[in-house]
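Summary of structural features
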Amino acid sequence: MSAAIIDGKAFAAGLRGKVASQAASFARAAGRPAGLAVVIVGEDPASHVYVRSKHKAMAEAGMKSFDHRLPADVGQDDLVALVQQLNADPVVDGILVQLPLPPQIDEQAIIATIDPDKDVDGFHVVNAGRLAVGLHGFVPCTPLGCLMLLKERLGDLSGLDAVVVGRSNIVGKPMAALLTAENCTVTIAHSRTRDLAAVVRRADIVVAAVGRPEMIRGDWIKPGATVIDVGINRIDAGEGKTRLVGDAAFGEASQVAAAITPVPGGVGPMTIAVLLRNTLVAAHRNAGVGYEKGAL
Ligand code: GUN
């Protein structure tokens with residue numbers, strides 16, 4: 001069997017289009033565009049690439065982004081002061097502090113400073129808690145994007161066995177909470193899981209978020225399962241070239257699964273699309289502008 005390819009790039013483009021049209025209505029109603037402040041510290045090239053694409057996507061959706069760049073040696077107090085200033089700024093609806101932060105900065109303390117209602121990354125403990133108990137709040141962009149792809153593909157997820165490989169605060173844990181809320185039977189597996197292959201083999205839904213290139217092999221996948229690959233790993237392709245691979249061995253897994261996300265072009269494009277969506281939701285709440293249920 002050859003798996004259907006779940007086209008995250010196309011789904012994300014559709015979501016971005018929907019956000020853009022809602023963003024235009026928001027701007028008319030509020031008299032200003034929805035705004036996202038993006039804070040980046042230091043010169044990490046990968047982080048700068050991500051942040052550039054966030055600014056570009058915001059502009060393309062007709063929303064405003066505010067670019068805050070701080071030197072790598074910035075002190076904790078200065079960074080806290082900036083976040084507090086953004087919390088108080090009425091035209092800033094969402095705040096994103098790009099991670100990782102340099103070692104002198106207490107990352108959790110910075111995240112804790114962000115107003116939970118502007119925390120469009122969904123990293124604040126208040127939003128993690130809201131997700132855990134089923135209250136409205138901001139959900140981290142990557143797992144929410146994975147859930148959108150799963151629901152688009154499978155419809156109702158009730159009763160399905162889901163295995164999330166990886167237990168990070170950004171992907172694994174919120175993904176497990178989202179799938180639990182969809183009535184899946186959820187297992188969180190990780191590097192210490194005994195007989196990981198056997199655990200993954202039980203799953204109707206596999207979410208691979210371990211950060212290890214091609215770790216999930218084809219013979220770990222139950223025939224007919226749906227595989228969502230969150231990994232983005234750059235590996236040596238010989239002759240001085242590199243290529244991107246996921247956490248699942250795509251060639252093998254796609255022989256067994258019913259559907260699978262490719263890398264690149266699967267989960268990756270969803271992260272920014274959901275960030276735009278979360279920012280627009282924040283803007284409506286912040287400005288007291290209503291929107292139709294289900295429109296975002
Ligand atoms: N670094 C890598 N991914 C992310 C993300 O989604 N949000 C933030 N703030 N930092 C990141």
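For the structure, check the block above.
Description of the structure in this document. (Residues numbered from 1 in each chain as written. Predicted model: local features only at pLDDT ≥ 70, side-chain atom pairs only at ≥ 80, totals over all residues. Heavy atoms only, no water.)

**Regarding the side chain of Asp247**
The residue Asp247 is located in the loop between strand S10 (241-245) and helix H9 (250-256) in this model. One buried charged residue, Asp247, remains without a salt bridge, the closest side chain of opposite sign being Arg212 at 8.4 Å. Reaching out from Asp247, the side chain makes a polar contact with the backbone nitrogen of Gly211 at a distance of 2.7 Å. Setting aside residues up to four positions removed in sequence, Asp247 forms contacts with Ala208, Ala209, Val210, Gly211, Arg212, Pro213, Glu214, Met215, Ile216, Asp229, Gly231 and Asn233. (Helix = DSSP H or I, 4+ residues; strand = E, 2+ residues; numbered from the N terminus. Buried < 20%, exposed > 50% of the residue type's maximum accessible area, 1.4 Å probe, protein only. Lys, Arg positive; Asp, Glu negative; His and termini not counted. Salt bridge = Lys/Arg side-chain N within 4 Å of Asp/Glu carboxyl O. Polar contact = N/O pair within 3.5 Å; in protein donor to acceptor, adjacent residues only side chain to side chain. Contact = heavy atoms within 4.5 Å.)

**Looking at the site of the ligand**
For the ligand, the full set of nearby residues is Leu96, Val97, Gln98, Leu99, Asp121 and Phe123. Within the backbone of Leu99, an N or O atom sits 2.9 Å from a nitrogen atom of the ligand. Here the residues of the shell around the ligand sort into four nonpolar, one polar and one charged. (Near = heavy atom within 4 Å. Nonpolar A, V, L, I, M, F, W, Y, C, P; charged D, E, K, R; others polar.)

**Section: the nonpolar core**
Of all hydrophobic cores here, the largest spans 54 residues; its most connected members are Met63, Met175, Leu179, Val207, Leu276 and Leu280. Within the residue set of this core, elements represented by two or more residues are helix H1 (8-30), strand S2 (35-41), helix H2 (45-60), helix H6 (141-154), strand S5 (161-165), helix H7 (172-181), strand S7 (205-208) and helix H10 (268-287). A per-element tally of this core places H10 first, with ten residues. Not counting chain neighbours up to four residues away, the residues in contact with Leu276 comprise Arg16, Val19, Ala57, Met58, Ala61 and Met63. (Core = buried A, V, L, I, M, F, W, Y, C linked by side-chain atoms within 4.5 Å.)

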